[in-house]
Amino acid sequence: MADLVQGTTFASDYRVVRKIAQGGMGAVYEAEQLSTAKRRALKVMLPQLVADPQLRARFEQEAKIGALIASEHVVEVVGAGIDAASGMPWLAMELLEGETLDAAMRRRTSFTPPETAQIFEQLCHALGAAHDAHIVHRDLKPENIFMARSHRVGGGDRDVKILDFGVAKIVSENSNQTTGALGTPMWLAPEQLQGHVSPASDVWALGLIAFTMLAGFPYWRGADSPSPSLAEVLQEISMKPLDPPSLRAAQKGRSLPSGFDAWFARCVVRDPAARFPTAREAFAALVPILATGGYAQATMAAVSSPAFSMPAGVSQQQSQGYEQTMHASSRPAAMIATPPPGPMAAPSFAPQSQPVKSSSGCGVALVIVLSIGAVGVLLIALLILFLVRR
């Protein structure tokens, strides 16, 4: 089946107005629902994917999973079915006007702490409700966070909606589940490379998204370059030391709110058990940090110190960044922020392995060569595992 033709009727009740976007699973159209005269976002599965039962089930899951999440910040699905004429599965959703968080960040680079708090309050309301229902999104990223124009009286200027629960996973209570390594690499938690998923996997992505919003660039160095490297990003995710975010911000002359380092360390830590258990707890700890408005100051000399070596529809003009698949404010320099009082543990950014000592120069050289070889083998194995599971 080719693109739906403007003016034709699909699934007996939807008159096609125009094509909005196309992603990896389906194409999205603006359509008029004839029975209600309302404009809807009509998502139709790509014909080449219909024969794959796993992908078809994932597409159909998107129609049902929103009903399990008690939050208005998940895009509403108003209808679903299979078109009798073409045999194509489809979803009808509320039509949103606005832009994705990804498009907004490309347009304006960074967000202030109050703006970040406003967006995260709504984002974590939806994600926390999903976690309460034992649902893990698994592919949380700026492209799947939509900032819709609000039409509510007395409300904010935007309603945040989470898109694309088609790859979400329903997990049993208090357990990690084994599943496919689904997700976009830059936001993927390390345990997802081994096929394990829990609400803490979404918390990892929350930490990275918060950093990107506040700092104006990605946390991973492999992604923050003219030629992003998937291999380098996977290596950073799985084995390289995790630097304090304030130091990475300072390297570009930017700063983060005091206390952000400690919060980030409870999100972006390789052990899922050490993270905030759900988005609800993560947001509760972030609120006082974003409310202070204070920025830690430091010089760039501190950065180089050895101690720190460690589916919805959108308007045609604003559809950039919607449903992309498998892709991918200057302030004073910052220092490590002081953790806020309370139960949050201070972050440990020390390298996770001790250096090997040798009694001779030859021994040291041999250890270095063997270490580099081991890292390369491990990286290749991770890449193969990731690609096979995709």
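In this text the structure is predicted, and so the values were computed from the model without any measurement. (Residues numbered from 1 in each chain as written. Predicted model: local features only at pLDDT ≥ 70, side-chain atom pairs only at ≥ 80, totals over all residues. Heavy atoms only, no water.)

Peer 1: Teacher, can you tell me more about helix 3 (residues 113-132) here?
Peer 2: It helps to recall that an α-helix has 3.6 residues per turn; residues three or four apart then point in one direction. Helix length check: helix 3, at 20 residues, gives a terminal C-alpha distance of 27 Å against a target of 28 Å (1.5 Å per residue), a fit within 8%. Backbone geometry just after helix 3 places His 134 at a positive phi near 60°. (Helix = DSSP H or I, 4+ residues; strand = E, 2+ residues; numbered from the N terminus. Expected span 1.5 Å × (residues − 1).)

Peer 1: What is the right way to look at the packing of helix 3 against helix 8 (residues 279-292) in this model?
Peer 2: Between two packed helices, both the angle of their axes relative to each other and the distance between the axes serve to describe the pair. Running from amino to carboxyl end, helix 3 crosses helix 8 at an angle of 165°, the nearest separation of the two axes being 8 Å. The pairing of helix 3 with helix 8 is recorded here as roughly antiparallel in orientation. Considering the relative orientation of helix 3 and helix 8, their crossing is left-handed. Contacts between helix 3 and helix 8 involve Pro 113, Thr 116, Ala 117, Phe 120, Glu 121, Cys 124, Leu 127, Gly 128, Ala 129, His 131 and Asp 132 from the first element and Ala 279, Arg 280, Phe 283, Leu 286 and Leu 290 from the second. In the contact of helix 3 with helix 8, the residues fall into ten nonpolar, three polar and three charged. (Axes fitted to C-alpha atoms, helices over the stretch in contact; angles between N-to-C directions. Parallel < 35°, antiparallel > 145°, perpendicular 65-115°, else oblique. Left-handed = near helix turned anticlockwise from the far one by under 90°. Contact = heavy atoms within 4.5 Å. Nonpolar A, V, L, I, M, F, W, Y, C, P; charged D, E, K, R; others polar.)

Peer 1: Can you help me understand the environment of Arg 270 in this one?
Peer 2: Here Arg 270 lies in the loop between helix 7 (260-265) and helix 8. On the accessibility criterion, Arg 270 (13% relative accessible area) is buried. C-alpha separation for the pair Arg 270 and Leu 242, spaced 28 residues apart in sequence, amounts to 9.3 Å. A distance of 2.8 Å separates the side chain of Arg 270 from the backbone oxygen of Ile 237, its partner in a polar contact. (Buried < 20%, exposed > 50% of the residue type's maximum accessible area, 1.4 Å probe, protein only. Polar contact = N/O pair within 3.5 Å; in protein donor to acceptor, adjacent residues only side chain to side chain.)

Peer 1: Could you clarify how one ought to interpret helix 1 (residues 53-65) in this entry?
Peer 2: Taking 1.5 Å of rise per residue, the 13 residues of helix 1 would be expected to cover 18 Å, and the 18 Å separating its terminal C-alpha atoms lies within 8% of that figure. Within helix 1 the residues assigned to the buried category are Leu 55, Arg 58, Phe 59, Glu 62 and Ile 65. Projected onto a plane normal to the axis of helix 1, the buried residues spread over an arc of 135° and lie on a single side. Among the exposed residues of helix 1, those pointing more than 90 degrees away from its buried face are Pro 53 and Lys 64. Here helix 1 starts with a cap whose side-chain oxygen sits 2.9 Å from the backbone nitrogen of Gln 54, and that cap is Asp 52. (Arc of directions from axis to C-beta.)

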